[in-house]
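Here's the letter readout for the chains.
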Amino acid sequence: MLLWLRRFICLLLAMVFSQQSYAIEQPLAEQLLQRSIVVPKVQYQITAVELSAEELVRDRALFHQFNDLPAGKATLRVTAQQALWLLVQLNNPFPEPWQAWLHYPFLPADRLSFYQLQPEIPSAQLLGKTGSLLPYSERALPVRGYVQSISLEANGSATLLLKIQDASLLGTELRLASLPILLAEAQQQLLEDALLSGVLLLLVLTILYCSWLQRNTALCFLAGFYLSFALVLGILNGLAFNQLWPVYPELNPVILYIAVGSCLLCLSLFSRRSLLQYAGSRARQLNMLAAAAALLLIFSPLFASGPLKLQLLFVSVSVTLSIVIIQAIYISLTTELKAAPRYALQATLGTFCLLFVQTRYLSGFAEWLNLAIFLLLVSSALLLQPARSQYVN
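For every chain, the first residue of the written sequence is number 1, and numbering continues from 1 along that sequence. Only residues with pLDDT of 70 or above have their local features reported here, since the model is predicted, and side-chain atom pairs are shown and tallied only from 80 upward, although totals for entire chains, interfaces and linings are computed over all residues. For the side-chain quantities, the full set of heavy atoms in the structure was used; hydrogens and water were omitted.

Let's shift gears to the overall build of the chain. What counts as a helix is a DSSP run of H or I of at least four residues, what counts as a strand is a run of E of at least two, and both are numbered from the N terminus. In terms of regular secondary structure, the chain is built from 13 helices and twelve strands. Each residue's exposure class comes from its accessible area (1.4 Å probe, protein chains only) as a fraction of the maximum for that residue type: buried when under 20%, exposed when over 50%, partly exposed otherwise. Taken across its 393 residues, the chain has 50% of its residues classed as buried. Using a 1.4 Å probe, accessible areas were evaluated by the Shrake-Rupley method; residue-level cover was limited to the displayed protein chains. As displayed, the chain has an accessible area near 19,700 Å², and 63% of this comes from carbon and sulfur atoms.

Given below as structure tokens:
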């Protein structure tokens, strides 16, 4: 089984790398007929949020302060008083007019405005507004992220300016695609997200069933962790906004912190109930510190905003997960509790799930992390089987 899984992963990685190298060798027009592409050259500038597009374009000294985006810079930090401007030039590689779609995939952005520049005047024409603070029905297309259509003449070009606002973190990746390709990729992403959410819910039901069989309340906290994790995943990939509260966009920046805090709290309580029953007072005090950090994050929307709330998110996640994983490994190696290694692995897998989903949607946008999260969930389900079989026998 392990040999088959290893071969499958190697084959998948080989296909991914071969597809990327093949895409590099293809002309731009052929690439756009098959997939969306990342806009290669993007310039950026951070200004005061009050600055309008017209003021930026007409002030030539300010307009020439755009800098090339460093390679590999996936996100930028901003405050509520700042706005991120992205400047891109799009070229039509086809000999006929083309209706292109510019895609900004970073969902947490609060407000996003698309402008098309007219250098000969100079002026900026507003094409559309969108963002996470607007109802889902006002988006141009039902895709993960924000899109804007641009009409390009045959072998022509257009210069676009994007104004992006948020109180903490913003992505910098832009993609270009035709409408059929964009919709096809959106359907594939939706299928992957729905599959991952279904696996999570099935895992929650399995854990609850095992908890009932074993009369083990610790597993209830583990089920609560994965249920909260399913909500975190739904918020980050947009499914929760689309299906649960499409007309209440003001809930987006609030529920994410509450859901992550619930994940951390359930994970710390699972560690306390499963691993710390026979531990000393210092271990329990550290666990209480992890639970306090999780509670602080849950109630952070009441007293924190902007960069402070993002810092609380990173600090709470780092403190809680570090304490949980270190205690789990230490107790599994030093205690004679029969189920300690299995409980330690459960806590470790939950920790990596949170870290991977944070990296997937807030840092690097690595698509392969979906497969990693799926394998972690399957491994967590397999760890339940020995205890269940032992109870039944």
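Read on, since the account is not over.
Now for a nonpolar patch on the surface. Together, Leu295, Leu296, Phe299, Leu302 and Phe303 give the surface a local cluster of nonpolar side chains, amounting to about 530 Å² of exposed area. Here Leu295 lies in helix α9 (residues 281-298). Here Leu295 falls in the partly exposed class, since its relative accessible area comes to 38%. Candidates for patches are residues over 30% relative accessible area with no salt bridge; among them, like charges are joined within 9 Å and nonpolar side chains (Val, Leu, Ile, Met, Phe, Trp, Tyr) within 5 Å. Here, a salt bridge means any side-chain nitrogen of Lys or Arg that lies within 4 Å of a carboxyl oxygen of Asp or Glu.

Pairing of aromatic rings covers Phe, Tyr and Trp, the last through its six-membered ring, and needs centres within 6.5 Å; plane angles under 30 degrees mean stacked, over 60 mean edge-to-face, and all others mean tilted. Under the definition given, this model contains six aromatic pairs. Cluster of aromatic residues (ring-pair linked, three or more members): Phe225, Tyr226 and Phe229.

How far a helix is expected to stretch is found by multiplying one less than its residue total by 1.5 Å. Over its 36 residues, helix α5 (residues 179-214) runs 52 Å from end to end, which matches the ideal 52 Å to within 8%, given 1.5 Å per residue. Just past α5, the residue Arg215 takes up positive phi, approximately 55°.

The nonpolar core is taken to be a set of buried Ala, Val, Leu, Ile, Met, Phe, Trp, Tyr and Cys residues, with the residues joined through side-chain atoms within 4.5 Å. One finds Leu102, Tyr104 and Tyr226 to be the most contacted residues of the largest nonpolar core, which totals 93 residues. The criterion used for residue contact is that any of the two residues' heavy atoms lie within 4.5 Å. Residues in contact with Leu102, not counting those within four places in the same chain, are Val39, Val88, Leu90, Phe114, Tyr146, Val147, Gln148, Ile150, Leu160, Leu162, Leu174 and Arg175.

Spatial relationships are all this shows, so hold off on functional conclusions.
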